[in-house]
Amino acid sequence: MTETVDFAKMNGLGNKILVVDMRGRADVVTPAAAIALNADPATRFDQIMAVHDPKVDGTDAWIDILNSDGSKAQACGNGTRCVVQALAAETGKKIFTFQTVAGILNAVEHEDGTISVDMGKPIFEWNRIPLAEEFYDTSRIELQIGPIDAPILHSPSVASMGNPHAVFWVDRDVMSYDLERFGPLLENHPMFPERANITLAQVTSPTSMTTRTWERGAGLTLACGSAACASGVSGARTGRTGRKVAITVASSPNRGTLQIEWRDDDHVIMTGPAEWEWSGTLDPATGAFRRDDAEAAAL
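Residues numbered from 1 in each chain as written. Predicted model: local features only at pLDDT ≥ 70, side-chain atom pairs only at ≥ 80, totals over all residues. Heavy atoms only, no water.

1. Focus on the nonpolar core
Soluble, globular proteins show a tendency: their nonpolar side chains are buried together. How we decide: Nonpolar cores were defined as sets of buried Ala, Val, Leu, Ile, Met, Phe, Trp, Tyr and Cys residues, with membership established by side-chain atoms within 4.5 Å. Partly exposed describes any residue whose relative accessible area lies between the buried limit of under 20% and the exposed limit of over 50%, with all areas from a 1.4 Å probe on protein chains only and scaled to the type maximum.
Val83, Phe98 and Ile260 are the most contacted members of the largest nonpolar core, which totals 45 residues. One finds Ile129, Val158, Val174 and Trp214 within the second-largest nonpolar core, a separate group that totals 23 residues.

Have a look at this one:
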């Protein structure tokens, strides 16, 4: 077995993604490799999407997802769009079915280049999100940051989109909050035994909102697809929005939007772009890599 595999540096609305081709191999991308890759500015990422041979008939691939700290992630919507774009360019296919730890994901690339991913059904039961305490209504739980009589953030909506999310509703620009300070505290709060993704959401109309996310295992991120899904669902669930919402990701460099639809069959459909940046080869055990475009690599 050769030491190196092909990979692509991509992004989904700014969410930094490495798509690693592990097909035809029995090994995995190791946590040590993930940490080493994230330590290099050239390959710094939010998630690695390691594409393996399918384990289940009728699927196109098994996707193993790693965070930048080497931990496992259950779901990554922006990363899934990147995988679709990469495989569509390779195979000419437009419709894909993937297996992940979070379940089966169906996706399609549209003629305009946008990609829709069926992110499955949201989970609201407190013990399945999971939370450390029982809450009958998880659309608003008791949790706050700041003085008890004047909290900075409070009463989030919580849900799972294959991974735990807490959405804090705010009434001013999401970039005006010190999420870099509060994010780690909330991600690792005792309320979340498996940690959680922390999102600030400002509703701007019944069909739109702006978000910013501290991502579990990755920190401040330019975008987070599953957080957009959790925000869209939570907006509809609390009556702040309808079941179709355009989400502007405030931290995304291109200020693009994700279209979130919570369908009547309870499935959440996320539609948005994916962008290829450059490709190369890497050692999945160590993270040592080489860019294909040697001239650019020398810059």
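That was the structure; now back to the text.
2. Some thoughts on the layout of surface pockets
Stated precisely, the cut-off is as follows: Here a cavity denotes a set of grid points, spaced 1 Å apart and computed over the protein atoms alone, in which a 1.4 Å probe fits but from which it cannot get out, and a pocket denotes an open set meeting protein on both sides within 12 Å along at least five of seven lines; residues with an atom within 4 Å of a point are reported as lining. Grid points are joined across faces, edges and corners, and a volume is the space filled by probe spheres set on the points. Side-chain classes follow a simple rule in which Ala, Val, Leu, Ile, Met, Phe, Trp, Tyr, Cys and Pro form the nonpolar group, Asp, Glu, Lys and Arg form the charged group, and the remainder, Gly included, forms the polar group.
Here the largest pocket is characterised by a volume of approximately 220 Å³. Around the largest pocket, the lining is made up of 15 residues, and of these Asp6, Ala8, Asp21, Ala86 and Glu90 lie nearest the centre. Its residues placed into classes, the lining of the largest pocket shows eight nonpolar, two polar and five charged.

3. Digging into empty space enclosed by the protein
Over the atoms rolls a probe the size of a water molecule, and in doing so it shows where empty space is left. The tally for this structure, following the rule as stated, stands at one cavity of 30 Å³ or more. Of the voids in this model, the largest cavity is the one considered here, and its volume is about 40 Å³. Residue lining of the largest cavity: Gln47, Asn67, Ala73, Ala75, Asn163, Asn197, Glu215 and Arg216, and that is the complete set. Among the residues making up the lining of the largest cavity, the classes are represented as two nonpolar, four polar and two charged.

4. Things to note about the pattern of salt bridges
Where we set the bar: Just to be clear on terms, a salt bridge is a Lys or Arg side-chain nitrogen sitting within 4 Å of an Asp or Glu carboxyl oxygen. A helix here means a DSSP run of H or I that spans at least four residues, while a strand means a run of E at least two residues long, and both kinds are numbered starting from the N terminus.
Evaluation of the coordinates by the stated rule reveals 12 salt bridges. The partner of Arg23 in a salt bridge is Asp21, with the nearest N and O atoms 2.8 Å apart. In this structure Asp21 comes out as partly exposed when scored by relative accessible area, which is 25%. Between Arg195 and Asp69 there is a salt bridge, and its shortest N-O distance comes to 3.6 Å. Within this pair, whereas Arg195 is found in the loop between α3 (179-187) and β13 (197-205), its partner Asp69 is found in the loop between β4 (61-67) and β5 (72-73), the two being separated by 126 residues in sequence. Here Arg195 falls in the partly exposed class, since its relative accessible area comes to 24%. Residue Asp69 is classed as partly exposed on the basis of its relative accessible area of 35%. Bridged by salt links that share partners, the residues Asp21, Arg23 and Glu90 form one connected network.

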